[in-house]
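# A closer look at the structure
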Amino acid sequence: TDQDFVQIQIHTASKAEISRIQGGFNRLEINYVRKISPQLTPEYIEQAQRVLLKSYDLGDRDPRHLAELGLCECDAGNDDEAKHFLKAAISANVQRPRAYYEYARILFNEYSGNTPSVRFTEKQTTSIIEPLIRMSSQSPALEEAYNLMCRTWLSSQLTPNPEQWDALEKAAFLFPRQANITYSIAKLYAKHDQTESAQKWIARGLNFSTDSNVREQLQELASTL
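So, a few notes on the structure that sits alongside this text. (Residues numbered from 1 in each chain as written. Predicted model: local features only at pLDDT ≥ 70, side-chain atom pairs only at ≥ 80, totals over all residues. Heavy atoms only, no water.)

One pair of aromatic rings is described through two measures. These are the centre distance and the angle between the planes. Overall, the coordinates contain six aromatic pairs when judged by the stated rule. With a centroid separation of 5.5 Å and an interplanar angle of 85°, the aromatic rings of Tyr56 and Phe85 are classed as edge-to-face. Taken together, the positions of Tyr56 in helix α2 (residues 41-57) and Phe85 in helix α4 (residues 79-91) put the pair 29 residues apart, joining distant regions of the chain. A relative accessible area of 18% means that Tyr56 is categorised as buried. Taking relative accessible area as the criterion, Phe85 reaches 7% and is therefore assigned buried. (Phe/Tyr/Trp six-rings, centres within 6.5 Å; stacked < 30°, edge-to-face > 60°. Helix = DSSP H or I, 4+ residues; strand = E, 2+ residues; numbered from the N terminus. Buried < 20%, exposed > 50% of the residue type's maximum accessible area, 1.4 Å probe, protein only.)

Right, dumping it as structure tokens:
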């Protein structure tokens, strides 16, 4: 039927679109070069930035391009520069899970100041969690994003609402072998005095985990309930 077909619009790529594609490939080379020839990394970073900014200077404000610029700055270690581009991209609902994760990660580091015992305020928690919740409806799923979600809730003054609990539990099913996620969920339930749910997730973690350290943490948590 006609519904089985997707209409594809073909057009000649603009200069901005060509720069976006070339810059994206240049960005992907950065981490590879960093591993095999670290002394050449600055040169590859500069090349990716130059090509992507050329498109930006030509007026390209497509959310996909803004995300590419932000991710390029993340790969270059320039979180302050990345934040502006990533915020603009996710404000335009870009379909790029890593853009949401990196923006949330930057906020987490900014608010925590690398202080292990930090307690996020309601506003800070919402700022970090909101892009991660939006990311959870996109593909591919990112394990590091769900780990960040768990860390944020464990350092927050707030209690997750039903939608936010669902996003956390989704992570455990997406990454069943990553018992650290399951442990964090169980710990969070225990923190909010939901003992029965905590026990359920402890049992799940012990069933799946092969990491002796995580298993020990789960058993210690079980003994406190």
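Taken together, the side chains of Ile21, Phe25 and Leu28 define a hydrophobic patch exposed on the protein surface, amounting to about 340 Å² of accessible area. Relative to the helices and strands, Leu28 resides in helix α1 (residues 15-36). Given a relative accessible area of 54%, Leu28 falls into the exposed group. (Patch = residues over 30% accessible without salt bridge, like charges linked within 9 Å, V, L, I, M, F, W, Y side chains within 5 Å. Areas by Shrake-Rupley, 256 points an atom, 1.4 Å probe, with all protein chains shown as cover. Salt bridge = Lys/Arg side-chain N within 4 Å of Asp/Glu carboxyl O.)

Another point: helix α9 (residues 179-191). Side chains three or four residues apart in an α-helix point the same way, a direct result of the helix having 3.6 residues per turn. An ideal rise of 1.5 Å per residue puts 18 Å on 13 residues; α9 measures up with 18 Å between its terminal C-alpha atoms. Those residues of α9 that fall on the buried side of the exposure criterion are Ala179, Ile181, Thr182, Tyr183, Ser184, Ile185, Ala186, Leu188, Tyr189 and Ala190. A positive backbone phi angle near 60° is found at Asp193, which sits one or two residues after α9. (Expected span 1.5 Å × (residues − 1).)

With that settled, the discussion passes to the packing of α4 against helix α5 (residues 97-112). The interhelical angle for the contact between α4 and α5, taken along N-to-C directions, is 130°, at an axis separation of 9 Å. The angle between α4 and α5 places the two elements in the oblique class. By crossing handedness, the relation of α4 to α5 is classed as left-handed. Here Asp79, Ala82, Lys83, Leu86, Lys87 and Ile90 of α4 come into contact with α5, specifically with Ala99, Tyr100, Glu102, Tyr103, Arg105, Ile106, Leu107 and Glu110. Per-class residue counts for the contact of α4 with α5 are eight nonpolar, no polar and six charged. (Axes fitted to C-alpha atoms, helices over the stretch in contact; angles between N-to-C directions. Parallel < 35°, antiparallel > 145°, perpendicular 65-115°, else oblique. Left-handed = near helix turned anticlockwise from the far one by under 90°. Contact = heavy atoms within 4.5 Å. Nonpolar A, V, L, I, M, F, W, Y, C, P; charged D, E, K, R; others polar.)

Note that all results are geometric; they support no functional claim without further evidence.
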